[in-house]
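Below are the chains, spelled out letter by letter.
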There are 2 protein chains.
Amino acid sequence: MKNEQLPLLRRLVAACATTLLLASSVIAQADPLPSWNDGAAKARIVGFVQAVTTEGSKDYVPPADRIAVFDNDGTLWAEQPAYFQLLFAIDRVRALAPKHPEWKTKQPFKAVLDGDMKTLAAAGEKGVLELVMATHAGMTTDEFAAVVRDWLATARHPKLGRPYTDLVYRPMLEVLAYLRANGFKTYIVSGGGIEFVRVFSEARYGIPPEQVVGSSVKTKYEVRDGKPVIVRLPEIDFIDDKAGKPVGIHKFIGKRPIAAFGNSDGDFEMLEYTNAGRGARLAMIVHHDDADREYAYDRKSGVGRLDRGLDEAGKRGWTVISMKDDWRQVFAPAK
Amino acid sequence: MKNEQLPLLRRLVAACATTLLLASSVIAQADPLPSWNDGAAKARIVGFVQAVTTEGSKDYVPPADRIAVFDNDGTLWAEQPAYFQLLFAIDRVRALAPKHPEWKTKQPFKAVLDGDMKTLAAAGEKGVLELVMATHAGMTTDEFAAVVRDWLATARHPKLGRPYTDLVYRPMLEVLAYLRANGFKTYIVSGGGIEFVRVFSEARYGIPPEQVVGSSVKTKYEVRDGKPVIVRLPEIDFIDDKAGKPVGIHKFIGKRPIAAFGNSDGDFEMLEYTNAGRGARLAMIVHHDDADREYAYDRKSGVGRLDRGLDEAGKRGWTVISMKDDWRQVFAPAK
């Protein structure tokens, strides 16, 4: 093709792009959040998205700055009766115990082998990471991902009897898809281990590994048997929880998000940081108040405690999502 | 619009998308790399891109895995007579010296104030980071970005007399654009400071902040005068150089790239890691052999030393780009 023909072609492309834009705006009028009951929470999400995507609106935000961050445990998937990564770590400690007789008397391994969940829950996401770290040091990152993948494929939730990756929230999957359809880049910002979450984030949430921020262990580069690999070290690198979440966001993304979703006080600073930027902001908290369909817990829970967030959401302009009232369905169909 | 009309609209969208795809493939036939002379290096880039983007080809790579990584100093912009971030640090030390009489006798500040470039150059990118760290601790990340922005707007290269952001390589900008037009995600993986590079990466390279990996200082989250900010601490967090580059890639991206561009032995492990993956791979080294238009240096240079890379490129299947022979033009037009 000659270069002179390019302008014509470019006009054709532009015309087509306009058609696509119009078509997509019409499609967008179908309900983007069918698993949400009509109410303040749903209206807040839709109103925010319309405000920041309407060109000429005072709240308009260009696509490059449409960054939305999501906590994972308790926000995108369930976290009771314990963080799923802790359940993974427990299974791993049990599987590896025959090779480690010293664990019978050494904490936190002893607590795992004794089934002492109270001691384990008190250690929080950092405790989980320490267990995973200790049991998987020296493994390459590819080997670790394979172990996680195998576990996710075979393990079942103790109460609900389903694979853990079934226990993702359908209304939140709709929010992720809705935001992306409106030019947002969606990120996970999890207190859980980054290498654990990355194994299923793309398949389950449509979030690629490079958009997962999380807690991590140190690693090193090594040429092992002639093959360059990344090896996990028994040392914590970063805890992406509480005040660590804005730090993780700044490190990985380098921009302040305009929308944030969390469910516990571990997300407080992330919501605060997001909400403090200029212009329209969306800060939302998933409140687990649905004992029938999922779990009901907040101020006194050992896992996913939500206390200060409930006290301050109103005055800070954050929206509390009631799982019981706002969600027509809780879990997504199996995949 | 009624939901029954959606299938029709979706067909329209699909037809339009096909048109766009055809149009873009025709546009792609115009020379995507006009600043490159015809030769092995250019043919290698074009051949690789065609191989990994041709559906049905044995080397086909889906868009999600088309990750390309680029060193910055000496690969995307110049790095002589010293890393530009070192020249920034020197200017900052001089500007702040009146408030720090102790620097007159304390290294490395003394070397800066004495103009002792040899001592400074020997400290490498880590030394640069230490200087920047010491001079900007306690500042918020927004304040630091503003200082960098001001410096880039006013400082001039000592030999070429132009703003530093003019000294980006036109042929490399073409490679970045060509890869992105073919579905690649392009990343910077720099030994330089992540917060320094992010200030200009989007405007100059079309690479957004979230696709910049680099060396970093620790930061902390703080509510300062009622405003949530990220504060720089006087402690190094991560050195993204040499064996640190694959570690940084794994941490930020979580996938092995399929293409890597570097220019010094600081990029050796990044090229090695990239090239060792399965399927078609592209590993390229920019060789500074053009004293007339830029600089000529390699095995014995204090900045950007290239020694092992020159020895091993051939047997490893990496391609050495000769700035002198392969590049029709060196610098991009001013912006």
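The numbering scheme is per chain: residues are counted from 1 as the chain's sequence reads. For naming, the first written chain is A and the first written ligand is 1, with later ones following in the order written. Totals for whole chains, interfaces and linings use every residue, but because this is a predicted model, local features are given only for residues with pLDDT of at least 70 and side-chain atom pairs only at 80 or more, for both listing and counting. Note: side-chain values were computed over all heavy atoms of the structure, leaving out hydrogens and water.

K.L.:
I'd love a proper account of the pattern of salt bridges, names of residues and values included.
P.N.:
All names here are of chain A. Salt bridges are defined by distance alone: a side-chain nitrogen of Lys or Arg within 4 Å of a carboxyl oxygen of Asp or Glu. All told, the structure shown has 43 salt bridges over all chains when counted by the stated rule. The salt bridge involving Asp71 is made with Lys245; its shortest N-O contact spans 2.9 Å. One end of the pair, Asp71, is in the loop between β1 (67-70) and α3 (84-96); the other, Lys245, is in helix α10 (residues 244-252), and 174 residues separate them in sequence. Using a relative accessible area of 3% as the deciding quantity, one classes Asp71 as buried. For Glu312, the salt bridge identified is with Arg316, shortest N-O distance 2.7 Å. Residue Glu312 and its partner Arg316 are both found in helix α12 (residues 308-316); the two are separated by 4 residues, about one turn of the helix. Note on exposure labels: buried denotes an accessible area under 20% of the residue type's maximum, exposed denotes more than 50%, and partly exposed covers the range between, all computed with a 1.4 Å probe on protein chains only. Under the relative-accessibility criterion, Glu312 is labelled buried at 14%. Strands here mean DSSP runs of E at least two residues long; helices mean DSSP runs of H or I at least four residues long; both are numbered from the N terminus.

K.L.:
Can you break down the environment of Gly277(B) residue by residue, with the values?
P.N.:
Along the chain, Gly277(B) turns up in the loop between α11 (268-275) and β6 (282-287). Residues Gly277(B) and Ile258(B), spaced 19 residues apart in sequence, show a C-alpha to C-alpha distance of 7.3 Å.

K.L.:
Describe the sheet that holds strand β4 (residues 227-238) of chain A, listing the residues and the values that go with them.
P.N.:
Residues and elements named next belong to chain A. Judged by pairing direction, the sheet is mixed, and its 7 strands sit side by side in the order β4-β3-β2-β1-β5-β6-β7 without closing on themselves. Two strands in the sheet have a free side with no partner beyond their single neighbour: β4 and β7 (319-322). Neighbour to neighbour, the strand axes of the sheet diverge by 35° on average, direction disregarded. Summarising the sheet, strand β2 (residues 185-193) and strand β3 (residues 212-224) pair through 3 bridges and their orientation is parallel. Bridge pairing links Ile188 to Val212 in β3. Two strands are said to pair when DSSP picks up at least two bridges between them. Angles shown run from 0 to 180 degrees and are taken between the N-to-C directions of axes, each axis being a line fitted to C-alpha atoms and, for helices, limited to the stretch in contact.

K.L.:
Residues and numbers for the pairing of strand β5 (residues 259-262) of chain B, please.
P.N.:
Residue and element names in this part refer to chain B. Here β5 shows two buried faces, one formed by Ala259 and Phe261 and the other by Ala260 and Gly262. Note: strand β1 (residues 67-70) against β5, 3 bridges, orientation parallel. Within the sheet, the bridge partner assigned to Val69 lies in β5 and is Ala260. Bridging between β5 and β6 involves 4 bridges; their strand directions are parallel. Looking at the pairing, Ala259 lines up with Leu282 of β6. By convention, a crossover is right-handed whenever its connection, traced from the first strand over the helix to the second and viewed with the strands pointing away, goes clockwise. In this fold, β5 hands off to α11, which returns the chain to β6; that crossover is right-handed.

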